[in-house]
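Understanding the architecture of this molecule
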Number of protein chains: 2
Amino acid sequence: MAKSQEILEQLKESGHRFTGKRKIVVDLFIEYKDKYLTAKDVYEHVKKSYPSISYDTIYRTLALLKQENLIEEMEYGDEASRYRLSCGQGHHHHLVCLGCGSIKVVKDCPMELINIDRDDFTVVNHRFEIFGYCSTCGHSNKS
Amino acid sequence: MAKSQEILEQLKESGHRFTGKRKIVVDLFIEYKDKYLTAKDVYEHVKKSYPSISYDTIYRTLALLKQENLIEEMEYGDEASRYRLSCGQGHHHHLVCLGCGSIKVVKDCPMELINIDRDDFTVVNHRFEIFGYCSTCGHSNKS
DNA sequence: GCTTTAAATCGTAATCATTTCGATTGACAA
DNA sequence: TTGTCAATCGAAATGATTACGATTTAAAGC
């Protein structure tokens, strides 16, 4: 609650408005702070309080929160994008549970460990994610 | 041509048919063996020879070739999936040029360099790709 | 070569996530 | 309290991909 207030203040400072819908979205991410949620998850949740909520609002809110570095986006295969509360400013990677969507942070970055010829290639971005099952979800459903 | 023949023979051995459309698709991947192509690229190309080609055929052909490990699929952001000729049996990663779609192979795998607690997490998969611009495309269009 | 038949293909519609848009509402600065 | 523009709504559009009933065709067997 204090936390969501803080986040919404931050939005306000960067020239955006404080709305009830945004508060609900932020609260949801805080509640599930160690999980990835889909746009649909968020939509269904907000719908409980605002039955007339539109996907337009959901996607713009997600884009805004992402742009403000308050949430992170992740894609896996051709499934819908998933979002979670930003876990901090430092660069990091994730262990993503395919069962429950929970994540663990990996601090090591392969870009610092790997050797590539940067004269031959200008790196602008990289992607590194590890998928599997957390201890709760066990060893099931191997793919 | 010898190569495409070889690939189509391999398909045949696993119980699939040799069709003119499949040959054209395979030839295309051989011609652009160092680039990623979208389903649409493939569709447009086949359309030249078979104007009535359907996307159904393109996607099933891509799925078949992928299933037979003849091509590899890659996704970047919310753009369309891209495909390229399989570069071999060994595990590897890619430098992907955001300009022209060409790729370079990286033999090092971060999973061998990084330290994670495998008692706490059962790894089933990982993803590691480096995006940027090749020497031909230069340093432009940073994102 | 001719028949057979299941795989492959066609044409088109459906699906699903996401985006767009004109009209309306509402937050908040003055 | 009011004016303005961001935010939202409702609904349709988009773009990639998939699905499906009808038709065609590769290739195995005669």
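Residues numbered from 1 in each chain as written. Chains lettered and ligands numbered in written order. Predicted model: local features only at pLDDT ≥ 70, side-chain atom pairs only at ≥ 80, totals over all residues. Heavy atoms only, no water.

**Some words on the protein's contact with DNA strand D**
Here is the rule: Any residue with at least one heavy atom within 4 Å of a molecule or strand is counted as near it. By the criterion applied in these results, polar contacts are pairs of N or O atoms within 3.5 Å in which, for protein atoms, one can donate a hydrogen and the other can accept it, and in which residues neighboring in sequence qualify only through two side-chain atoms. Helix numbering and strand numbering both begin at the N terminus, where a helix is a DSSP run of H or I of at least 4 residues and a strand a DSSP run of E of at least 2. Each residue is assigned to one of three groups, with Ala, Val, Leu, Ile, Met, Phe, Trp, Tyr, Cys and Pro labelled nonpolar, Asp, Glu, Lys and Arg labelled charged, and all others, Gly among them, labelled polar.
Taken together, 19 residues are adjacent to DNA strand D, and Ser52(A), Thr57(A), Phe18(B), Asp56(B) and Tyr59(B) come closest. Near the protein, within 4 Å, the atoms of DNA strand D are sugar or phosphate in 66% of cases. Within the side chain of Arg17(B), a nitrogen or oxygen atom sits 3.5 Å from a base nitrogen of DNA strand D. Elements represented by at least two residues in the surface near DNA strand D include exactly α2 (20–31) and α4 (55–67) of chain A together with α4 (55–67) of chain B. The dominant element in the surface near DNA strand D, judged by the number of residues it contributes, is α4(A), at three residues. Residues that form the surface near DNA strand D fall into these classes: five nonpolar, six polar and eight charged.

**Quick look at the domain arrangement of chain A**
All names here are of chain A. Rules: In this entry, domain limits derive from an automatic or database-based domain assignment. We call two residues contacting when some pair of their heavy atoms lies within 4.5 Å. We define buried area as the total accessible area lost by two parts upon association, computed with a 1.4 Å probe and summed across both. What counts as a salt bridge is simple: a side-chain nitrogen of Lys or Arg found within 4 Å of a carboxyl oxygen of Asp or Glu.
Assigned domains of chain A: these are domain 1 (2–85) and domain 2 (93–132). The interface is formed by eight residues belonging to domain 1 together with ten residues belonging to domain 2. When domain 1 packs against domain 2, close to 740 Å² is buried across both sides, 62% of that on carbon and sulfur atoms. Sorting the residues of domain 1 by area buried against domain 2 places Tyr-36, Met-74 and Tyr-76 first, and these three jointly supply 53% of that buried surface. Viewed at the interface, domain 2 and domain 1 are joined by zero salt bridges. Seen at the junction of domain 1 and domain 2, the total is two residue pairs in polar contact (both at pLDDT 80 or more).

**Things to note about the interface of chain A and chain B**
Selection rule: Between any two strands, pairing holds if DSSP finds at least two bridges.
Contacts between the two partners involve 37 residues from chain A, matched on the other side by 37 residues from chain B. Here chain A meets chain B over a buried area of about 3300 Å², counting both sides, of which 61% is carbon and sulfur. Connecting chain A to chain B are two salt bridges. Here Arg127(A) ties to Glu129(B) by a salt bridge, and the two come within 2.6 Å at their closest N and O atoms. Along the contact surface separating chain A from chain B lie twelve residue pairs in polar contact (both at pLDDT 80 or more). Of all the secondary structure elements, the ones that give two or more residues to the side of chain A that touches chain B are β4 (93–97), β5 (103–106), α5 (110–113) and β6 (121–134) of chain A. With 14 residues, β6(A) is the largest single contributor of residues to the side of chain A that touches chain B. For the side of chain A that touches chain B, a count of residues per class yields 19 nonpolar, ten polar and eight charged. Sheet topology places β6(A) next to strand β6 (residues 121–134) of chain B; 13 bridges connect them, and they run antiparallel. Bridging from a neighbouring strand, Glu129(A) pairs with Arg127(B) of β6(B).

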